[in-house]
Number of protein chains: 2
Amino acid sequence: MVCNDKEQVEAMNQKNRDIIMTDYERIFHPQKLAIVGVSAEEGTGFGSGMFNALKAMGFEGDIFPVNPKGGKFAGLDIYKQVEDIPGKVDFAVICVAAKAVPEVLEACRKKGVAGAEILSAGFSELGTEAGLNLEKKIREIAARGIRVVGPNCFGIYCPQSGLTLLPGPDLSRQSGAVAFLSQSGGMAIDFAHKGKWMGIGFSKVVSFGNGADLRETELLRYLADDPETRIITMYIEGIKDGDAFFREIKAASYRKPVIVCKGGLSHAGQRMVVSHTASMGGSRIIWQSVLQQVNAIQVQDLEELAEASLAFSLLPEKVFKSISVVGGGGALGVTACDAAEAFGIEIPPLSADLQTRIGELLPKPGSSCVNPIDVANPFVPPLILKEVLRYAAEDNRIDLQIIISLLYHYKTMARILGKPVAEVAPYRELAEAIRDVVKETGKPIVVILANPKRGVDDLDIVEMLALARREFLDRGLPVFDEFNEAIRAIGHVNSYYGRRKAGNE
Amino acid sequence: MVCNDKEQVEAMNQKNRDIIMTDYERIFHPQKLAIVGVSAEEGTGFGSGMFNALKAMGFEGDIFPVNPKGGKFAGLDIYKQVEDIPGKVDFAVICVAAKAVPEVLEACRKKGVAGAEILSAGFSELGTEAGLNLEKKIREIAARGIRVVGPNCFGIYCPQSGLTLLPGPDLSRQSGAVAFLSQSGGMAIDFAHKGKWMGIGFSKVVSFGNGADLRETELLRYLADDPETRIITMYIEGIKDGDAFFREIKAASYRKPVIVCKGGLSHAGQRMVVSHTASMGGSRIIWQSVLQQVNAIQVQDLEELAEASLAFSLLPEKVFKSISVVGGGGALGVTACDAAEAFGIEIPPLSADLQTRIGELLPKPGSSCVNPIDVANPFVPPLILKEVLRYAAEDNRIDLQIIISLLYHYKTMARILGKPVAEVAPYRELAEAIRDVVKETGKPIVVILANPKRGVDDLDIVEMLALARREFLDRGLPVFDEFNEAIRAIGHVNSYYGRRKAGNE
């Protein structure tokens, strides 16, 4: 958390004063975009890859390929230099060899380009003097008036404008509430892909790599103000200016949830950080206490980050103290209770009256109506489950419900009927039933799509559950694979809003 | 852990003296089997379901359906009572209404049946006097000379003989090293299904439900002696006789790994346990200390249980202090190091010489050869990865290697080539390459099949990875979805063999 480079801090402070000058609009929603490093010989270079990815994403602005050799690419003239592009250019994607980057960046600056992402590697992360010098040059050019994302990064993904990360032609074009800042390109692209099927929509994803110019602190401040972003998530390996970061994350956390995955908290991880993005790390204990102090949410890995993002995206902004759990298999019930208690979430027994009414709906023997509610049979129809959820919500203590769906069992029924499981499993009816209960009761319902069958012979189940997930998500219902994951994510929501409320009182 | 029912303890002690008399061979490998409760009207009752499931599993013994109404089922005569079956019967499956169970069980005992599984529910788990009385009758009959599994259970799965759990017509017939004892039927069937695609083979799975007769302690002793079983796993909600259990688990753990998932360690979980299988629980702290004392492995849920089982099944019996990690995406490297350190596993930097040799194999810039080894490009061919793994194994400190495979990236290439991803991704070559390195170096390699893409549009990737998993498993290579899961499982192997070695010294 300590700064090691006075020169950088001064540059950063200067930047902070100039923040009002940074035209984020032109960076995230460019109308005219240059890709420097697109080769007429097509090939699979970064530049050509990015061109194709932007086209596949349906980027609607003008794209200008640039390469000193000229020629044609995808029917467009390749400009020999940035200067030759007619009119204004908003944003540049730079993917030329490291040693050629400063010249290109300077040309962009002179052209009045608002910002550039440098995808090329071969800078400070090498640890060589040549690499460090090249990166210093980038910082100097940036300080003279162009904002830089990278180098050694995967760039910017902005679903609204169609900007995409380096190897990402197939990311979602649907915008959402979650922003992600990542020092690691791999983490950025993985989260963007995960978000697509998990139902997490992104406002902006920025893979900033070595972070020679724009990086965690400044971007955090921008996102805190960004009306598109309701939830800020970050993967950080090291930070440049601890004090400034602390101020910004505190201010941001006060306004919206900030979820942080800090890599490099072990000795070996620390060593890896240095070679990966040339940053300084910081000790586990300092990070934990700092993040808790500012009411940021700390997570251990990308899975936990994604699950927490989903919960913050789709759940109301409050603390869920007591929940009901409806599902199958008594063991799910027992381990469910254990998991919930570990996160301070109660599963209180329902009132005797509600137990009786729910009991009348469920098959006997085998069912249990206390809470967790064990429905005993995986083929209990959605309309009955709807009634069960309705009744359980009548208990005033219940803030949220979790349903552990056993849809995978329908394969047995499909086999008997000789039909595909996706036709037999009533997932759409279930999604509608649950959505109706949420609307009526005002209490959120989280869906667990359990599936112990994932082998080559059961891919039809996997497919059915992927379709089912989409139906639930389309109705605003958060879906998790495992109960424990859902509980952990709800636990994060609880601790954020709990602490924020306590802080405000 | 305290016994609450003197009568039961006495019965248990009597049983313990008589253990030599229990004919487990006839129970787990019956040649003649009666299913009491098969209805001529077919239907979807438990009895008919079990009949069909046994047939689907290819059970090779004789099956005799029994029902007082007689008639025919699946071309076989239904016997009106067990007594009418000609000759000896080894094992009985009982799925009649609870109140009819004692009479049927007594008939089985008189017939000389060695053991019976009672799938019916409606006994002590109801908490009613009627239920408790019925279960008492079962215990009394059992004490007079027939062993009982259940009631309120899913029965026995034994791949070798073809016995299967209640709703399990599609379990694997391949035998393996892992035994599972479970108070919960849902947990038993889930683990059996999970095991099938994860590559965990079972010797015996026993869902014993209320455990009126045979249960954790006695079965544990049997499995400790069972030459087919190398690893014992258990899901326990409560135990009947703490002292006896402690003795048996200590003795068993001395001989083979015993992995325990204890449900009901929270207040709500405790309440649920009572209604689920009518057992007494015990506090979290007592369980933790007892299990550690006897060198049993404690896990939190079925996922962790399954992952640990896989690691114990496929890894050599030793401590893996230092590992190398080969994979893609620097972030994987950083979080990998953090996760490993949390489990006391080192990822030491390789010698300078090895770093140089590995560096010569990998694309630049972007790759890193320190350890973790970042291969930088997901399309590095299997033969190059093979060389990297070979070199890394040359470092004497390395006990085990982990490869984080990025096979899912081949979808991009498949799209360009216009071919299915399963044809393009070189998973078979990779599996062969890795197997060769394991053979040559004698150091195990664990495979992580990462996949951030699981949406409806990417089911071809899911399918390819399911096929890939099978190739790896066929060559004895353990496969995990996530790095963190693998590390946690290896951590369990380390602590078991570490403590066992320390205990022997």
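Scroll up a little and you will see the structure.
Below, the structure is looked at part by part. Starting afresh in each chain, residues are numbered from 1 along the sequence in its written order. To read the labels, note that chains go from A and ligands from 1, taken in the order they are written. A pLDDT threshold of at least 70 governs which residues receive local features in this predicted model, and a stricter bar of 80 or more applies before side-chain atom pairs are shown or counted, although totals over entire chains, interfaces and linings include all residues. Processing note: side-chain calculations cover all non-hydrogen atoms of the structure and skip hydrogens and water entirely.

## Details of the overall build of chain A
Put simply, the rule reads: Secondary structure follows DSSP: runs of H or I at least 4 residues long count as helices, runs of E at least 2 residues long count as strands, and numbering of each begins at the N terminus. Note that the radius of gyration is over C-alpha atoms, with the globule rule given as 2.2 Å times the number of residues to the power 0.38. Methods summary: accessible areas were calculated by the Shrake-Rupley approach with a probe of 1.4 Å, and residue burial reflects only the protein chains presented. Working convention for charge: Lys and Arg count positive, Asp and Glu count negative, and His plus the chain ends are omitted. Every charge is mapped to an atom, namely NZ of Lys, CZ of Arg, CG of Asp or CD of Glu.
Per the secondary structure count, chain A includes 19 helices and 18 strands. Relative to a compact globule of 505 residues, whose C-alpha radius of gyration would be 23 Å, chain A shows 26 Å and is just as compact. Projected onto the principal axes, the alpha-carbon positions of chain A cover approximately 75 × 55 × 40 Å. As presented, chain A carries roughly 18,700 Å² of accessible surface, and 52% of it is formed by carbon and sulfur atoms. The average position of the 57 basic charges and that of the 63 acidic charges among the side chains of chain A differ by 3 Å.

## Examining the pattern of salt bridges
Let me state the cut-off plainly: Counted as salt bridges are all cases of a side-chain nitrogen of Lys or Arg within 4 Å of a carboxyl oxygen of Asp or Glu. In this scheme, a residue with accessible area under 20% of its type's maximum is buried, one over 50% is exposed, and one in between is partly exposed, where area comes from a 1.4 Å probe on protein chains only.
Taken as a whole and judged by the stated rule, the model has 68 salt bridges over all chains. A:Asp170 is paired through a salt bridge with B:Arg415; the nearest N and O atoms lie 3.4 Å apart. Of the two residues, A:Asp170 is situated in the loop between β8 (155–157) and β9 (175–182) and B:Arg415 in helix α15 (residues 410–417); the pairing between them involves two chains. Of the residues examined, B:Arg415 reaches a relative accessible area of 44% and is grouped as partly exposed. Here B:Lys386 makes a salt bridge to B:Asp436, at a shortest N to O gap of 3.1 Å. A residue pair is termed long-range when its members are at least 10 positions apart, and B:Lys386 in helix α14 (residues 382–394) and B:Asp436 in helix α17 (residues 427–441) qualify at 50 residues. Among the residues examined, B:Lys386 registers a relative accessible area of 13% and is labelled buried. In this structure B:Asp436 comes out as partly exposed when scored by relative accessible area, which is 25%. Connected via shared salt-bridge partners are A:Arg428, A:Glu432, A:Glu471 and A:Arg475.

## What about the sheet that holds strand β5 (residues 91–94) of chain A?
Residues and elements named next belong to chain A. The cut-off we apply is this: Between any two strands, pairing holds if DSSP finds at least two bridges. In this analysis an axis means a line fitted to C-alpha atoms, helices contributing only their contacting stretch, and an angle means the value between N-to-C directions, from 0 to 180 degrees.
If you walk across this open sheet you meet the five strands as β2-β1-β5-β6-β7, and the pairing is parallel. Both edges of this open sheet fall to β2 (62–66) and β7 (147–149), since each of them pairs with a single strand only. Ignoring strand direction, the axes of neighbouring strands in this sheet form an average angle of 20 degrees. Looking at chain direction, strand β6 (residues 115–118) and β7 are connected through three bridges and run parallel. By the bridge assignment, Gly-115 is partnered in β7 with Arg-147.

## Observations concerning empty space enclosed by the protein
Selection rule: Both site types are read off a 1 Å grid over the protein atoms alone. A 1.4 Å probe that fits but cannot get out defines a cavity, while an open set with protein on both sides within 12 Å along at least five of seven lines defines a pocket; lining residues have an atom within 4 Å of a point. Grid points are joined across faces, edges and corners, and a volume is the space filled by probe spheres set on the points. Classification used: nonpolar for Ala, Val, Leu, Ile, Met, Phe, Trp, Tyr, Cys and Pro, charged for Asp, Glu, Lys and Arg, polar for all others including Gly.
Taken as a whole and assessed by the stated rule, the structure comprises seven cavities of 30 Å³ or more. The computed volume of the largest cavity comes to approximately 320 Å³. Along its surface, the largest cavity is lined by 20 residues, and A:Asp190, A:Leu302, A:Glu303, B:Leu332 and B:Glu482 are the ones closest to its centre. Split into classes, the residues belonging to the lining of the largest cavity amount to eleven nonpolar, three polar and six charged.

## Observations concerning the pairing of strand β11 (residues 231–236) of chain B
Residue and element names in this part refer to chain B. Burial analysis of β11 places six of its six residues in the buried class, the great majority of the element. What you see with β11 is no split at all: Ile-231, Thr-233 and Tyr-235 on one side and Ile-232, Met-234 and Ile-236 on the other are buried throughout. As paired strands, strand β9 (residues 175–182) and β11 are joined by five bridges and run parallel to one another. By the bridge assignment, Val-178 is partnered in β11 with Ile-231.

## Looking at the relation of the copies chain B and chain A
Short version of the rule: Each copy is superposed on the other by least squares, with the fit set by C-alpha atoms of residues at a pLDDT of at least 70 in both. The contact criterion used throughout is that any non-hydrogen atoms of two residues lie within 4.5 Å.
It takes a turn of 180 degrees to lay chain B on chain A, together with a shift of 0.0 Å along the axis; the resulting RMSD is 0.0 Å. Here the copies are linked by what is in effect a two-fold axis. Taken together, the interface assignments show that 100% of the residues at the interface of chain B recur at the interface of chain A, consistent with an identical surface on both copies.

## Thoughts on the packing of aromatic side chains
All names here are of chain A. The criterion, for reference: In this analysis, rings of Phe, Tyr and Trp, with Trp reduced to its six-membered ring, are considered paired at centre separations within 6.5 Å, and the interplanar angle assigns stacked below 30 degrees, edge-to-face beyond 60, and tilted for intermediate values. As a reminder, the over-ring test applies to NZ of lysine and CZ of arginine, requiring each to be within 6 Å of the ring centre and within 35 degrees of the ring normal.
Applying the stated criterion across every chain yields a total of 26 aromatic pairs over all chains. Seen in terms of ring centroids, Phe-64 and Tyr-79 are 5.9 Å apart; in terms of plane orientation they differ by 70 degrees. Their pairing is edge-to-face. A residue pair is termed long-range when its members are at least 10 positions apart, and Phe-64 in strand β2 and Tyr-79 in the loop between β4 (76–77) and β5 qualify at 15 residues. By relative accessible area, which is 10% here, Phe-64 ends up buried. A relative accessible area of 22% means that Tyr-79 is categorised as partly exposed. Seen from their ring centres, Phe-312 and Tyr-496 are 5.9 Å apart, and the 75 degrees between their planes marks the pair as edge-to-face. Of this pair, Phe-312 sits in helix α11 (residues 302–314) while Tyr-496 sits in helix α19 (residues 483–504); the two residues are 184 residues apart in sequence, bridging distant segments of the chain. Both residues of the pair, Phe-312 and Tyr-496, count as buried. Put simply, the rings of Tyr-157, Phe-180, Phe-191 and Phe-202 pair up and form one aromatic cluster. Over the face of the ring belonging to Phe-28 we find Lys-204, whose NZ or CZ atom lies 5.5 Å from the ring centre.

## As for the side chain of B:Asn494
Residue and element names in this part refer to chain B. Tracing the backbone through its elements, the reader meets Asn-494 in helix α19 (residues 483–504). Overall, Asn-494 belongs to the buried group, its relative accessible area being 11%. The contact partners of Asn-494, leaving out residues within four places of it in the chain, are Lys-318, Val-319, Phe-320 and Ile-345.

## A look at the interface of chain B and chain A
Inclusion rule: Buried area is understood as the total, over both parts, of accessible area removed when two parts are fitted together, assessed with a 1.4 Å probe. Residues adjacent in sequence count toward polar contacts only when both atoms are side-chain atoms; beyond that, a polar contact is any pair of N or O atoms within 3.5 Å, and within protein one must be able to donate a hydrogen and the other to accept it.
At the interface, 64 residues of chain B touch 64 residues of chain A. Summed over both sides, the interface between chain B and chain A buries roughly 5,200 Å², with carbon and sulfur atoms accounting for 59% of that surface. At the boundary of chain B and chain A, one finds six salt bridges. In this structure, the salt-bridge partner of B:Lys453 is A:Asp170, at a minimum N-O distance of 2.8 Å. There are 14 residue pairs in polar contact (both at pLDDT 80 or more) connecting chain B and chain A.

## Regarding the packing of helix α4 (residues 101–111) of chain B against helix α5 (residues 129–143) of chain B
Working note: a packed helix pair is described by the angle between its axes plus the distance between those axes. Residues and elements named next belong to chain B. The cut-off we apply is this: Should an angle lie under 35 degrees it is considered roughly parallel, over 145 roughly antiparallel, and from 65 to 115 roughly perpendicular; all remaining angles are considered oblique.
Running from N to C, α4 and α5 cross one another at 5 degrees; their axes reach a closest spacing of 9 Å. Regarding the angle of α4 to α5, the classification is roughly parallel. When α4 is examined against α5, the residues Val-101, Pro-102, Leu-105, Glu-106 and Arg-109 are found in contact with a partner set consisting of Leu-134, Lys-137, Ile-138 and Ile-141.

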